[in-house]
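Structural features, examined
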Amino acid sequence: MSQLKTIQSALISVYYKDGLEELVRELNNNDVTIYSTGGTQAFIEGLGIPVTPVETLTSFPEILGGRVKTLHPKIFGGILNRRNLAEDQEALATHDIPQIDLVIVDLYPFEETVASGASHEAIIEKIDIGGISLIRAAAKNFQDVVIIPSVNQYEKLLGILKEQNGATTLEQRMDFAGEAFHVSSHYDTMIHNYFLKGETPYFKTSIAESESLRYGENPHQKGVFYGDLNAIFHKLHGKELSYNNLLDVDAAVNLMQEFSTDGPTFAILKHNNACGIATRENIKEAYEAALAADPVSAFGGILISNAFIDLPTATLINDLFCEVLIAPGYDSEGLEMLKSKKNRIILVQKETILPQKQFRTILNGVLVQDKDSKIETRADLEVKTNVAPNEQEIEDLIFANKIAKHTKSNTIVLAKNGQLLASGTGQTSRVDALRQAIHKAKTFNFELKGAAMASDAFFPFPDCVEIAHNEGIDAVIQPGGSVKDQLSIDYCNEHKMKMVFTGIRHFKH
């Protein structure tokens, strides 16, 4: 350890008092002089611990309804002075400025106030000025000063003070300073995004929580998740989620969001694509139908349900090796059965609002886009053929279209009676995607006659509808938009097929 410095004086000014008592008592035990303001001063006095009001130090009262408390040379001089510089020490002596070795401060809850739906005026009042200035000043002078910028660092400092008799090392002070600049950077980013309402020529984002992963997409790659998984899931059992698990879980959650108001629906995903999904009268039947679509790919997959997992369904699921199971809830006996596989990750999905912006790194920059939140309903369907689809076909077309939206392009999805039969995923041509889907459906003995076909983008030629018709598929949903749309429409009319346009493309790369 290097440059051990004993803390002799501290400035404490915090919005939240949680967890502060033990730290204040430890400082008092080490005979640290404490300066404080307003509510924090009253809190410390309530503990029976000596505290000097900042007004006594500055000879200037708190003004403007609390907007100005600590913005004073006697405060910032005490923090920013360089202990090894004679001129700085002479200035302190001339102006009767005491040293301040420790600053404990947090910031007004700006982010929380925005999230609460408060008025614009209330939000503006939660832009911290003095606190952010104290954090930056103390962090800049980490050579001599310790900065504690949030309650998250209380426990760490408390341990250091107890172990090192009230002293800190240079490395420890620099570590706290790094945390402090993170706090100030995150805070300023939240304010920036509020003022510009997300429409900005600058790319700024900040996520305060992070979780190290075992590795990235492959074992030789490092991986970190930035975010708060606990806000979305309650984990009941299993190992930690991996990088690839998280990609699949994200795909599963977004897919199932399309079926949130539908009947009992179960989906099985592999490598971000659905290999099985079905809607049925109960969740057991939905699981059985989803599994039937591709029982081979289901091995090691991600399972998600929009309904409570009862005991009969849990019993069936337990026979399948799966990485992750997600549902709104579980039967208690069924849950214990599912826990018998020690590595199986079991999650309860909470109600939450997912981000509406997406971004990914490319080349030497970042691409940002709005989330594809559009999904077509009956009202969006434009019948383009002489024969219109019947009620069941409309339901299957909408069902297949939802799946196509969440399948890697180019894709063709085949569905029938609320069940995915097969899909062609990530193909370089739409014809290849269709042929892949047909081959897969036949592999698992599905009857294609009467099935519905969905495409994520338009058909530039009538080849796909011709191939589909030859397999008995006579109901098609697609965005339309090709200059040669009429070729596909004409073929459908000649063969009494039904085709609807949505006007919305759903590429997924």
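Structure's up top.
Residues numbered from 1 in each chain as written. Predicted model: local features only at pLDDT ≥ 70, side-chain atom pairs only at ≥ 80, totals over all residues. Heavy atoms only, no water.

1. A short note on the sheet that holds strand 6 (residues 146–148)
What counts here: At least two bridges found by DSSP between two strands are what make those strands a pair. A run of H or I in DSSP becomes a helix once it reaches four residues, and a run of E becomes a strand once it reaches two; helices and strands are each numbered from the N terminus.
One open sheet holds the five strands; their spatial order is 4-3-2-5-6, and the pairing between them is parallel. Edge positions in the sheet fall to strand 4 (52–53) and strand 6, since each of these pairs with one other strand and no more. Where strand 5 (residues 102–105) and strand 6 come together, three bridges link them in parallel fashion. By the bridge assignment for strand 6, Ile104 is matched with Ile148.

2. Considerations on the state of the cysteines
Cysteine pairs can be linked by a disulfide, which is a covalent bond between their two sulfur atoms. What counts, and what does not: In plain terms, two cysteine sulfur atoms within 2.5 Å form what is called a disulfide here. Burial here depends on accessible area, computed with a 1.4 Å probe over protein chains only, as a share of the maximum for the residue type. Under 20% is buried, over 50% is exposed, and the range in between is partly exposed.
One pass over the full model with this rule turns up zero disulfides. Not part of a disulfide, Cys322 finds its nearest cysteine sulfur in Cys275, a span of 11 Å. Since its relative accessible area comes to 3%, Cys322 is described here as buried. As a non-bridged cysteine, Cys464 has Cys492 as the owner of its nearest cysteine sulfur, 11 Å distant. Cys464 sits in the buried class, given a relative accessible area of 2%.

3. Looking at a nonpolar patch on the surface
What counts, and what does not: A patch consists of residues whose relative accessible area exceeds 30% and which take part in no salt bridge; residues with like charges are grouped when within 9 Å of each other, and nonpolar side chains (Val, Leu, Ile, Met, Phe, Trp, Tyr) when within 5 Å. What sets the accessible areas is the Shrake-Rupley method with a 1.4 Å probe; for residues, cover comes only from the shown protein chains. The rule for a salt bridge is simple: a side-chain nitrogen of Lys or Arg has to be within 4 Å of a carboxyl oxygen of Asp or Glu.
Nonpolar side chains collect at one region of the surface, where Phe203, Phe359, Val366 and Val368 lie side by side and expose about 350 Å² of accessible area between them. By secondary structure assignment, the location of Phe359 is in strand 16 (residues 357–362).

4. Focus on the packing of helix 1 (residues 20–29) against helix 9 (residues 154–163)
Threshold: Lines are fitted to the C-alpha atoms to define the axes, a helix being fitted only along its stretch in contact, and any angle between axes, read from their N-to-C directions, falls within 0 to 180 degrees. Oblique is the label for every angle not falling under 35 degrees (roughly parallel), over 145 degrees (roughly antiparallel), or within 65 to 115 degrees (roughly perpendicular). Crossings are classed by handedness, with left-handed meaning an anticlockwise turn of the near helix from the far one by less than a right angle and right-handed meaning a clockwise turn. Residue contacts follow a heavy-atom distance rule, with two residues in contact if any of their heavy atoms lie within 4.5 Å. Lys, Arg, Asp and Glu make up the charged group, whereas Ala, Val, Leu, Ile, Met, Phe, Trp, Tyr, Cys and Pro make up the nonpolar group; the residues left over, Gly among them, are polar.
It is at 10 Å that the axes of helix 1 and helix 9 come closest, and there the two elements cross at 25°. One finds that helix 1 runs roughly parallel with respect to helix 9. The hand of the helix 1/helix 9 crossing is left-handed. Of helix 9, the residues touching helix 1 (which contributes Leu20, Glu22, Leu23, Glu26 and Leu27) are Tyr154, Leu157, Leu158, Leu161 and Lys162. Partitioned by chemical class, the residues of the contact of helix 1 with helix 9 number seven nonpolar, no polar and three charged.

5. Considerations on the side chain of Thr113
Structurally, the position occupied by Thr113 is in helix 6 (residues 110–115). Once you skip the residues sitting within four places of it in the chain, Thr113 turns out to touch Ala118, Ala122, Ile123 and Lys126.

6. Quick word on the packing of aromatic side chains
The criterion, for reference: Put simply, two rings from Phe, Tyr or Trp (the six-membered ring, in Trp's case) pair if the centres are within 6.5 Å, and we call them stacked under 30 degrees between planes, edge-to-face over 60, tilted for the rest.
Under the criterion given, the structure shown has nine aromatic pairs. Judged by centre distance (5.0 Å) and plane angle (80°), the ring pair of Tyr15 and Tyr16 falls under edge-to-face. Residue classification places Tyr15 among the partly exposed residues on the basis of a relative accessible area of 36%. Residue Tyr16 is classed as partly exposed on the basis of its relative accessible area, which comes to 40%. With centroids separated by 5.6 Å and ring planes inclined at 65°, the aromatic side chains of Phe259 and Phe399 adopt a geometry described as edge-to-face. Of this pair, Phe259 sits in the loop between helix 11 (243–257) and strand 11 (265–270) while Phe399 sits in helix 15 (residues 391–405); the two residues are 140 residues apart in sequence, bridging distant segments of the chain.

7. A look at the pairing of strand 11
When you tally the buried positions in strand 11, you get five out of six residues, the bulk of the element. In terms of strand pairing, strand 11 meets strand 12 (residues 273–279) through six bridges, oriented antiparallel. Across the sheet, the residue bridging to Ala267 is Ile277, located in strand 12. Counted along the chain from strand 11 to the antiparallel partner strand 12, the turn is two residues long, and its residue His271 has a positive phi close to 50°. Relative to strand 13 (residues 301–305), strand 11 runs antiparallel, the two sharing four bridges. Bridge pairing in strand 13 links Ile268 to Leu303.

8. Observations concerning the pairing of strand 16
By the bridge criterion, six bridges tie strand 16 to strand 17 (residues 365–370) in an arrangement that is antiparallel. Paired with Gln358 across the two strands is Gln369, which belongs to strand 17. Between strand 16 and strand 17, which pair antiparallel and follow one another directly, the connecting turn spans two residues, one of which, Leu363, has a positive phi of 45°.

9. Focus: the side chain of Lys416
Short version of the rule: Charge counting follows a simple rule: Lys and Arg are positive, Asp and Glu are negative, and His as well as the terminal groups are ignored. In the analysis that follows, any N or O atom pair within 3.5 Å is treated as a polar contact, provided that within protein one partner can donate a hydrogen and the other can accept it, and provided that, for residues neighboring in sequence, both atoms belong to side chains.
Relative to the assigned elements, Lys416 resides in strand 19 (residues 412–416). Look at Lys416: it is buried, it has no salt bridge, and the nearest opposite charge is Glu447 at 5.4 Å. A distance of 3.2 Å separates the side chain of Lys416 from the backbone oxygen of Glu447, its partner in a polar contact.

10. A short note on the packing of helix 8 (residues 130–140) against helix 10 (residues 170–196)
It is the contact of helix 8 with helix 10, at a shortest axis distance of 9 Å, that shows an interaxial angle of 150°. Considering the angle they form, helix 8 stands roughly antiparallel to helix 10. In this structure, helix 8 crosses over helix 10, and the sense of that crossing is left-handed. Judged by residue contacts, Ile132, Ile135, Arg136, Ala139 and Lys140 of helix 8 engage Ala177, Ala180, Phe181, Val183, Ser184 and Tyr187 from helix 10. Split by residue class, the contact of helix 8 with helix 10 holds eight nonpolar, one polar and two charged.

11. Structural notes on a negative patch on the surface
The following threshold applies: By convention, charge coordinates are those of NZ in Lys, CZ in Arg, CG in Asp, or CD in Glu.
Among the surface-exposed residues, Glu111, Glu112, Glu209 and Asp228 lie close enough to one another that they form a single negatively charged patch. Exposure remark for Glu112: the relative accessible area of 48% places this residue in the partly exposed category.

12. So, the environment of Val324
Structurally, Val324 can be placed in strand 14 (residues 322–327). Other than its neighbours up to four places away in sequence, Val324 contacts Leu241, Asn245, Val249, Gly301, Ile302, Leu303, Ile345 and Leu347.

13. Remarks on helix 2 (residues 38–46)
Put simply, the rule is: Note: the arc covers the axis-to-C-beta directions of the helix.
Taken residue by residue, helix 2 has Thr40, Gln41 and Ile44 as its buried positions. Summarising the axial view, the buried residues of helix 2 lie within an arc of 100°, below the 170-degree limit, and thus occupy one face. Considering only its buried residues, helix 2 is in contact with strand 2 (9–13), helix 1, strand 3 (33–36), strand 4 and helix 3 (54–58). Where helix 2 terminates, the next one or two residues include Gly48, which has phi positive at roughly 75°.

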